[in-house]
Amino acid sequence: EIRFGPRKTEERYTRLDDRCLCFHEEFDFKGWKKATEEERDGMVLDAISGRMIRIGRAFRADLNAIRDAVNKTRKAGFEGKVVAEDLTIHDKENGLRFEVFQKVSRQGVDWGVEIKNNKGKVLQTEWIAKDVNPVTYRSKLAESKREGHEFVILDPKGKKSFKLTI
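The structure displayed is predicted, hence computed values, not measured ones. (Residues numbered from 1 in each chain as written. Predicted model: local features only at pLDDT ≥ 70, side-chain atom pairs only at ≥ 80, totals over all residues. Heavy atoms only, no water.)

Caption draft 1: How the structure looks around the overall build of the protein. A tally of regular secondary structure across the protein gives three helices and 11 strands. In the protein, the succession of helices and strands from N to C terminus is β-β-β-α-α-α-β-β-β-β-β-β-β-β. Relative to a compact globule of 166 residues, whose C-alpha radius of gyration would be 15 Å, the protein shows 20 Å and is clearly more extended. With the C-alpha coordinates aligned to their principal axes, the bounding extent of the protein is approximately 60 × 35 × 35 Å. (Helix = DSSP H or I, 4+ residues; strand = E, 2+ residues; numbered from the N terminus. Rg over C-alpha atoms; globule rule 2.2 N^0.38 Å.)

Encoded structure:
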């Protein structure tokens, strides 16, 4: 976790349970307030990647993965898509792939499912949920499967939380 702004009594780097806390005190809040949304995204990305590179250097890590991620993030317009492989299913009977994914953008976090053919072409996209809590929503999606003419996602109690008629 990176926190922007001055720290009070905290150390610059702190280990908290299963995560690390890092303060970035040099962030230009005045410039950020005057910037466009895209410029703001770039400023935050520069701050995060700069801090990650400094940490990586301290541990003599290969920094190319960080640089590649930064370049891909900029190229994607500061949006990301992560496929939930454990919820994605292949329907061999119909030659379809139901790919469940999380889309992250400055507007928030959305969950969707793309129906693809055998060649990977997207035939249809349906939204499971829009602008959800990025930390807790994933725990509501436990399992996906095909039931008759439906693609369904079940919650941890086995209740349908999403269905799509095929």
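Next, the rest of the story.
Caption draft 2: Main features of the nonpolar core. Ranked by size, the top nonpolar core spans 19 residues in total, and within it Val-100, Trp-111, Val-113, Ile-128 and Phe-151 carry the most contacts. Per-element accounting of this core gives the leading share, four residues, to strand β7 (residues 108–116). Dropping the residues within four chain positions of it, Ile-128 is found in contact with Val-100, Trp-111, Gly-112, Val-113, Tyr-137, Ile-153 and Phe-162. In terms of nonpolar packing, the next biggest core, distinct from the first, is built from six residues, Leu-45, Leu-63, Val-70 and Phe-78 among them. (Core = buried A, V, L, I, M, F, W, Y, C linked by side-chain atoms within 4.5 Å. Buried < 20%, exposed > 50% of the residue type's maximum accessible area, 1.4 Å probe, protein only. Contact = heavy atoms within 4.5 Å.)

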